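Listed below, chain by chain, are the residues.
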Amino acid sequence: TADGKLQYPKDYRTWVYLTSGMDMSYVENMNMGDQHVFDNVFVNREAYEAYQRTGAWPDKSIFMLEARKGQSKGSINKRGQFQSEVLATEAHVKDKRFKSGWAFFGFGRGQGPGTEFAQTSACNTCHEQHAAVDTTFVQFYPTLQAKAREMKTFSAAYLAEEAKASAEKR
């Protein structure tokens, strides 16, 4: 928008589905009590197709993260968790206009324009330091890892973290 916000991509659920995570946290002692959260990640089709050719994300790539409440009681369910209402949505956008080349936008539960997080936000910093491919957490997207391996686009930081984790397992 004219004031730097991101229009909510209303059709993101028709984009390419990448993965779901449950109760993921990038900090140690995150106490969520009995609350469970599912994260679903989608990417715009043009970006996905370019990634499949090159192992890298093109300018104008948009990832949508949809956080949904986990629920155990409902209908005929007797065990486990299923997804229910949306708790929040965020976008991760690649655009050369941003200082780091990427930006995050939060929409909350609403569908109005998203507000950009500061380039120094925890999201930006963590992705820059730990992402497997070009500030994206491909390490959690199993269907994309083979392409990154083939095209040798894994980041040096990610490869170092993997080597360290592998050594600690031995």
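Up top you'll find the structure we're talking about.
The sections below set out a description of the structure shown in this document. (Residues numbered from 1 in each chain as written. Predicted model: local features only at pLDDT ≥ 70, side-chain atom pairs only at ≥ 80, totals over all residues. Heavy atoms only, no water.)

1. Details of helix α2 (residues 122-130)
Argument step 1. The set of residues buried in α2 consists of N124, C126 and H127.
Argument step 2. Next to the buried residues of α2 lie β4 (82-94) and β5 (102-108). (Buried < 20%, exposed > 50% of the residue type's maximum accessible area, 1.4 Å probe, protein only. Helix = DSSP H or I, 4+ residues; strand = E, 2+ residues; numbered from the N terminus. Contact = heavy atoms within 4.5 Å.)

2. Re the nonpolar core
Argument step 1. Core analysis: the biggest nonpolar cluster contains 17 residues, and L18, W57, F63, V133 and V138 have the highest contact counts within it.
Argument step 2. Once you skip the residues sitting within four places of it in the chain, V138 turns out to touch Y51, W57, A132, V133, L144, Q145 and F154.
Argument step 3. Formed by 13 residues, the second largest nonpolar core is a distinct cluster that contains L6, M64, V93 and F98. (Core = buried A, V, L, I, M, F, W, Y, C linked by side-chain atoms within 4.5 Å.)

3. Side note on the sheet that holds β5
Argument step 1. If you walk across this open sheet you meet the six strands as β1-β2-β3-β4-β5-β6, and the pairing is antiparallel. Looking at the sheet topology across the chains shown, the edges are occupied by β1 (16-22) and β6 (115-116).
Argument step 2. With nine bridges connecting them, strand β3 (residues 62-71) and β4 associate as antiparallel partners. What sits directly across from Q71, in β4, is F82.
Argument step 3. Of the strands in this sheet, β4 and β5 are in contact with α2, which crosses β5 at around 140°. (Pairing = 2+ DSSP bridges. Axes fitted to C-alpha atoms, helices over the stretch in contact; angles between N-to-C directions.)

4. Section: the state of the cysteines
Argument step 1. Tallied over the full model, the rule gives zero disulfides.
Argument step 2. With no disulfide of its own, C123 lies 8.0 Å from the sulfur of C126, the closest cysteine sulfur.
Argument step 3. By relative accessible area, which is 19% here, C126 ends up buried. (Disulfide = S-S within 2.5 Å.)

5. A few points about the pattern of salt bridges
Argument step 1. On inspection of all chains with the given rule, the structure shows seven salt bridges.
Argument step 2. R13 is paired through a salt bridge with E66; the nearest N and O atoms lie 2.8 Å apart. Placement of R13 in the segment before β1 and of E66 in strand β3 is noted, with a sequence separation of 53 residues between them.
Argument step 3. Given the relative accessible area of 44%, R13 is considered partly exposed.
Argument step 4. Residue class for E66 comes out buried when judged on its relative accessible area of 0%.
Argument step 5. A salt bridge links D134 to K94, with the shortest nitrogen-to-oxygen separation between them at 2.6 Å. Taken as a pair, D134 in the loop between α2 and α3 (142-151) and K94 in strand β4 lie far apart in primary sequence, 40 residues in all.
Argument step 6. Residue K94 is classed as buried on the basis of its relative accessible area of 18%.
Argument step 7. Three or more residues are tied together by salt bridges with common partners; here these are D59, K60, D95 and R97. (Salt bridge = Lys/Arg side-chain N within 4 Å of Asp/Glu carboxyl O.)

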